[in-house]
Structures are given as C-alpha cells and as structure tokens.
Amino acid sequence: MKARSLRITEATQGRLRRLNLYTAMPPIVLAAVVVVAVDMRTWWHALVLAPGAIAALVAFERWTANDIGRVAWPCLIVAAAVWPVGALTLGTPNAYWGVISVASLALPRLPRHRYAAAVALLVFVAGIGATRFLVDDGDVLGPYVLVPSVLTAGVMVLSFAGERFYDIVQELEVSREREAELAVIRERVRFASDLHDIQGHTLHVVKLKAALARKLVPTDPARAEQELCEIHDLVGDTIQQTKELVYAQRRLNLSAELENAKNLFEAAGIRVRITRESEADARVSEMLGQVLRETTTNILRHAQATQVRITLAREGITIVNDGAASNGPLELRGLSALRQRIVTDGGELTVKAEAGEFTTSAAYGGAR
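Residues numbered from 1 in each chain as written. Predicted model: local features only at pLDDT ≥ 70, side-chain atom pairs only at ≥ 80, totals over all residues. Heavy atoms only, no water.

Asker: Quick one: what's the story with the side chain of arginine 62, residue by residue and with numbers?
Answerer: In this fold, arginine 62 is placed in helix α3 (residues 43–64). Within the structure, the side chain of arginine 62 is placed 2.8 Å from the side chain of glutamate 61, a separation counted as a polar contact. (Helix = DSSP H or I, 4+ residues; strand = E, 2+ residues; numbered from the N terminus. Polar contact = N/O pair within 3.5 Å; in protein donor to acceptor, adjacent residues only side chain to side chain.)

Asker: So what's going on with the packing of helix α10 (residues 282–302) against helix α11 (residues 335–344)? Which residues, and what values?
Answerer: It is at 10 Å that the axes of α10 and α11 come closest, and there the two elements cross at 160 degrees. When the axes of α10 and α11 are compared, the pair comes out roughly antiparallel. For the crossing formed where α10 meets α11, the hand is left-handed. Residues Met287, Gln290, Val291, Glu294, Thr295 and Asn298 of α10 touch α11, and the partners they reach there are Leu335, Leu338, Arg341 and Ile342. When grouped by side-chain class, the residues that make up the contact of α10 with α11 number 5 nonpolar, 3 polar and 2 charged. (Axes fitted to C-alpha atoms, helices over the stretch in contact; angles between N-to-C directions. Parallel < 35°, antiparallel > 145°, perpendicular 65-115°, else oblique. Left-handed = near helix turned anticlockwise from the far one by under 90°. Contact = heavy atoms within 4.5 Å. Nonpolar A, V, L, I, M, F, W, Y, C, P; charged D, E, K, R; others polar.)

Asker: So what's going on with the nonpolar core? Residues and values would help.
Answerer: Core analysis: the largest hydrophobic core is formed by 45 residues, its most contacted members being Ile68, Trp83, Val99, Val102, Leu121 and Val125. Looking at this core, the elements with two or more residues in it are α2 (25–39), α3, α4 (68–90), α5 (97–106), α6 (114–130) and α7 (141–216). Examining the composition of this core, we find that 11 residues originate from one element, α4, more than from any other. Counting residues in each nonpolar core, the second largest holds 32 residues, with Leu254, Val272, Ala280 and Leu349 among its members. (Core = buried A, V, L, I, M, F, W, Y, C linked by side-chain atoms within 4.5 Å. Buried < 20%, exposed > 50% of the residue type's maximum accessible area, 1.4 Å probe, protein only.)

Asker: Talk me through α3; I want residue IDs and the actual numbers.
Answerer: With 22 residues, α3 extends 32 Å between its outermost C-alpha atoms, agreeing within 8% with the 32 Å of an ideal straight helix rising 1.5 Å per residue. Approximately 35 degrees is the largest bend angle found in α3, and it occurs at leucine 49, with the proline proline 51 only one to four residues beyond. What α3 keeps buried is the set His45, Leu49, Gly52, Ala53, Ala55, Ala56, Ala59, Phe60, Arg62, Trp63 and Thr64. Of the residues one or two after α3, asparagine 66 is the one with positive phi, at around 60 degrees. (Expected span 1.5 Å × (residues − 1). Bend = angle between axes of the 7 residues up to and from the residue.)

Asker: Describe the packing of aromatic side chains, and please don't skip the residues or the numbers.
Answerer: Overall, the coordinates contain 3 aromatic pairs when judged by the stated rule. Consider the rings of phenylalanine 60 and tryptophan 63, whose centres lie 5.8 Å apart with planes at 25 degrees: the pair is stacked. Here tryptophan 63 and phenylalanine 60 lie together in helix α3, a separation of 3 residues that amounts to about one turn. Comparing phenylalanine 60 with tryptophan 63, the two get one shared label, buried. Centroid distance tyrosine 115 to phenylalanine 160: 4.9 Å. Interplanar angle 25 degrees. Geometry classified as stacked. Taken together, the positions of tyrosine 115 in helix α6 and phenylalanine 160 in helix α7 put the pair 45 residues apart, joining distant regions of the chain. Residue phenylalanine 160 is classed as buried on the basis of its relative accessible area of 17%. (Phe/Tyr/Trp six-rings, centres within 6.5 Å; stacked < 30°, edge-to-face > 60°.)

Below, the structure is given as structure tokens:
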C-alpha cells in the first residue's frame, strides 16, 4: 500500500505529531485495553486479540510521523486477521476494532481508489460478522453485523473529513513557501533596481565626462585633467555605494542628488531651474531622491533636452524636461520598479508627454 505523505515542513510536522501523540494516543491506548479486557474470556484470548490492538497503536504512531505508508500493509493484515479469528473462534464481537482503526489512518492517504477501498473495508467487516451465523444461532445480527458496520462507516466518514484538515494544513504550508519565494524575488528585484540606479547613472556620467575630457585635451589640458579627476572620484564613490548597497547601508541624500543633477545637466549643456516649495519630508526624502536620480539618467541618456525644471514639495517632486518624443508609447524604464515601491508606500508615480515636454512626478499623501 503506497500512502501519500503530507508536503509540510519538518517544524510543522513535529508540532502536529506532538499534538496528536499528546491528545489522541492516551484515549487510543485506553480503548485498546478496554476492548481486549471486555472480549477476553480466558488469558489466551489476550494473545489473539492483542496483536490487533498493537497494530492499531503502531499504525497511529507512524501516522503521526507522516510515515503510515511504510507500515500500512503489515498492520492492516495483522488487524484484519484478528477479526475473523475473534468472531468465529473466540466469539468476541469487538475484534474488528483493530482493523477499522488501521484502515481509518491508511485509506484516506491512498493516492487513488480511496473510496472504493473504504467500501471494500465495510463489506469485509460486515461479511466476517455475518459468517458468525455459521457457528451461532443466537443474537448475531446486531453485535456482529449492524454495530460493526455502522461504526466502520462512521469512523471512515470522520477519517476522510479529518484528512481534509491536513490537506488545508498542507495548502497553507505550500502558500507560505510560495510567499517566501516571492519575498526573495521581490528583494532581488529591489536590489537589481538599486544597483541599476547606482551603476547605470554613474556609467552614463562617466561616458559624458570622458567624452568632454577627450575634447578638452588639445585646448584645455587643465580642465581635462579636472574632468578625469572627477571621473576617478565618481568611480570611487560608486564602488563605495555598491558596497553599502550590498550591506543594506545605502541612503540617498535628496539635497546631494539635487546638486548632482544640477551639475550634470549644466555639464551636458542643459539649462536647469530648481524650485524648492518646501523641504521634503524625511519619510519620503530617500525615495524622491531615487526618482530624481533615475529621471536624471533617463534625460541624459534618452532625451534631447535643452532645459529642465525641478520642483520639490514636502511630499513630492516633479521633473519636467523638453525634447520629449512626440510618438510612441511612454517607457518608464528604470522608473517602473520605483513605481511599484512608491505605490506600496502609499504614493503615486506618474509620467506624461505633452506639448513636447516630458513630466515625471512622484507624490505622497496630500501632495498628489
């Protein structure tokens, strides 16, 4: 008999095992002792009835360990053999207890034909009880046929209903595993987004400054040297930021990002105007700095801008640049990852192209 096992973690399996052992094992042991004591006429009757009770206890112990499949057949055969011997030889109407106990644990775990097996069990118990008519003309129908049949049917119904509880536990375990996997994926996406912010921004700036330095070498070597020094410092700063990102220590400074964006735009020949309506709230300052950094990179890389307007509010920032493409769908590029994070934090990120201008706006709370 190949019984399916629950796909649950070892910790959950251990808790369920302890719960079942502490709550169900004592009543089962008591029931086994009572059944043997009630049906025993002489001492050797115990030798015949005890194996059925022991098989039931072994099956229950293995069931709590999620390992019923390994002992199901041996226990079921032993317990099933006790019932005909008890009914026909000893005249003990309760000898079926062992076989229905084992079957109630094993049959609901079958991968297929579970209900057919339950019907077969019911037929077996009733059929063996009916054979008592061959050796006894007395009251056989009630104690040997009806009572065992009704109890077998009731126990099997309860067993299949109880198995549904463990199916729910398994579904919850699977859901928790999937949630953990999704959390890992989300963290990887967040890390990739932050790494893109650092490396993509820096590499583009290095490219611009290197091109500028190359042009200045013949005419202004001192300025070219200054640009190369700035490239060196920028690369060193990027290495440090990458290390901080790896160790979850990176924090963006919005004021520094504003100054950096201003310098980059001016170096690229783009006029820039910064309007500070108020200082940004500390709660959202870092996220607004990330929006500004990503937008700056996008403008330098993809737009043909001649001027940029940056407006900073307490809980929002708006960046407008000219030179926006008039056709084709808007592409958020690196901002797409930020949009989801901003929405999760209770904000909103919008982009639009209108009248030749491209507007990126991030806002929280009342700033929307």
